[in-house]
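Chain residues, written in single-letter form:
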Amino acid sequence: CQHVLGIVKLKNFISCRRWNPSGVKFQSVNCDKNRRCGIAKNKKIAIVLFDEAEVLDFAGPFEIFSVTGRRKIGKPFEVFTVAEKETIRARNNLIITPTYTFDSAPVTEIFLVPGGGGYYADGTPFGSRREMDNAVMINWVKNQHAKSELTLSVCTGALILAKAGLLNNLQA
């Protein structure tokens, strides 16, 4: 990389900060181990939604990832929501329209499964406790995990990852 200001090693790539030859601003570039560089793209982050998801578990990470990189250090993330259906009723009846459905979502580098859920008085599961037995959710999580760099969960979202077999042989 020419005019390199900083280098961070990430898997098989090196992320560099380089001065834009036009002199206007810095650019983030990805370089391979031989220092062949190109402009870095914004990483896509999908936040999975489902009925009765805990609002803080998805809204907090959405907010943090959305503002990351906006202080002229690094590239911001492209954050969006994804769900099995077109309308989600989160905890306390917050109605959400996801950006994408599972069928239309792009491949992402990172995805996050929030928590929220439990059992009603009659023993019926809701939220993550129901979704951990939802074959469509589990298959989407497995497929997305195979294509992503990083899989994250918040609280009982880990139950969904566990049911998908993604936590086997891992220690907490």
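Remember, predicted model here, so these are calculated numbers, not experimental data.

**Some points on the side chain of Thr 81**
Stage number 1. Among the structural elements, Thr 81 can be located in strand E6 (residues 78–83).
Stage number 2. The exposure class assigned to Thr 81 is buried, which follows from its relative accessible area of 8%.
Stage number 3. At 2.9 Å, the side chain of Thr 81 forms a polar contact with the backbone nitrogen of Thr 99.

**Looking at the environment of Val 55**
Stage number 1. Note that Val 55 resides in helix H1 (residues 55–67).
Stage number 2. Using a relative accessible area of 25% as the deciding quantity, one classes Val 55 as partly exposed.
Stage number 3. For the pair formed by Val 55 and Gly 116, sequence separation is 61 residues and the distance between their alpha carbons is 8.1 Å.
Stage number 4. With sequence-adjacent residues up to four places away left out, Val 55 is seen in contact with Gly 60, Ala 90, Arg 91 and Leu 94.

**Some details on helix H3 (residues 135–147)**
Stage number 1. Here H3 contains 13 residues, and its C-alpha end-to-end distance of 19 Å stays within 8% of the 18 Å for a straight helix at 1.5 Å per residue.
Stage number 2. Taken together, the buried positions of H3 are occupied by Met 137, Ile 138, Trp 140, Val 141 and Gln 144. Take H3 and look down its axis: the buried residues cluster within an arc of 165 degrees, on one side only. Opposite the buried face of H3, at more than 90 degrees from it, the exposed residues are Ala 135, Ala 146 and Lys 147.
Stage number 3. Packed against the buried residues of H3 are strand E5 (44–49), E6, strand E10 (110–113), helix H2 (128–131) and helix H4 (157–163).
Stage number 4. Two or three places before Val 136, at the opening of H3, Asn 134 has a side-chain oxygen 2.9 Å from that residue's backbone nitrogen.

**As for the nonpolar core**
Stage number 1. Of all hydrophobic cores here, the largest spans 30 residues; its most connected members are Val 48, Val 113, Val 141 and Ile 160.
Stage number 2. Only E5, H1, E6, E10, H3 and H4 provide two or more residues apiece to this core.
Stage number 3. No other element matches E5, which puts five residues into this core.
Stage number 4. The residues contacting Ile 160, other than those within four sequence positions of it, are Phe 50, Val 113, Ser 128, Glu 131, Met 132, Met 137, Ile 138 and Val 141.

**Here we look at the packing of aromatic side chains**
Stage number 1. The tally for this structure, following the rule as stated, stands at five aromatic pairs.
Stage number 2. Between Phe 80 and Tyr 100, the aromatic rings sit 4.9 Å apart at their centres with planes inclined by 80 degrees, giving edge-to-face as the arrangement. Of this pair, Phe 80 sits in strand E6 while Tyr 100 sits in strand E9 (residues 100–101), and the two are 20 residues apart along the sequence.
Stage number 3. We classify Tyr 100 as partly exposed; its relative accessible area is 24%.
Stage number 4. With centroids separated by 5.7 Å and ring planes inclined at 85 degrees, the aromatic side chains of Phe 111 and Trp 140 adopt a geometry described as edge-to-face. With Phe 111 in strand E10 and Trp 140 in helix H3, this pair connects stretches of sequence that are 29 residues apart.
Stage number 5. Accessibility expressed as a relative area gives 0% for Phe 111, which makes it buried.
Stage number 6. Through successive ring pairs, a cluster of aromatic residues spans Phe 102, Phe 111 and Trp 140.

**Some remarks on the sheet that holds E5**
Stage number 1. Strand order in the open sheet formed by five strands is E9-E6-E5-E10-E13, with parallel pairing between adjacent strands. Every interior strand has two partners, whereas the edge strands, E9 and strand E13 (150–153), have only one.

**Section: the pattern of salt bridges**
Stage number 1. Applying the stated criterion across every chain yields a total of six salt bridges.
Stage number 2. The salt bridge partner of Asp 51 is Lys 85, with a shortest N-O separation of 2.5 Å. Of this pair, Asp 51 sits in the loop between E5 and H1 while Lys 85 is found in the loop between E6 and strand E7 (88–89), placing the two residues 34 residues apart along the sequence.
Stage number 3. By relative accessible area, Asp 51 is classed as buried at 17%.
Stage number 4. Residue Lys 85 is classed as partly exposed on the basis of its relative accessible area of 39%.
Stage number 5. The closest approach of N and O atoms between Glu 131 and Arg 130, which form a salt bridge, is 3.2 Å.
Stage number 6. Residue classification places Glu 131 among the buried positions, given a relative accessible area of 7%.

Cut-offs applied
- Residues numbered from 1 in each chain as written.
- Predicted model: local features only at pLDDT ≥ 70, side-chain atom pairs only at ≥ 80, totals over all residues.
- Heavy atoms only, no water.
- Helix = DSSP H or I, 4+ residues; strand = E, 2+ residues; numbered from the N terminus.
- Buried < 20%, exposed > 50% of the residue type's maximum accessible area, 1.4 Å probe, protein only.
- Polar contact = N/O pair within 3.5 Å; in protein donor to acceptor, adjacent residues only side chain to side chain.
- Contact = heavy atoms within 4.5 Å.
- Expected span 1.5 Å × (residues − 1).
- Arc of directions from axis to C-beta.
- Core = buried A, V, L, I, M, F, W, Y, C linked by side-chain atoms within 4.5 Å.
- Phe/Tyr/Trp six-rings, centres within 6.5 Å; stacked < 30°, edge-to-face > 60°.
- Pairing = 2+ DSSP bridges.
- Salt bridge = Lys/Arg side-chain N within 4 Å of Asp/Glu carboxyl O.

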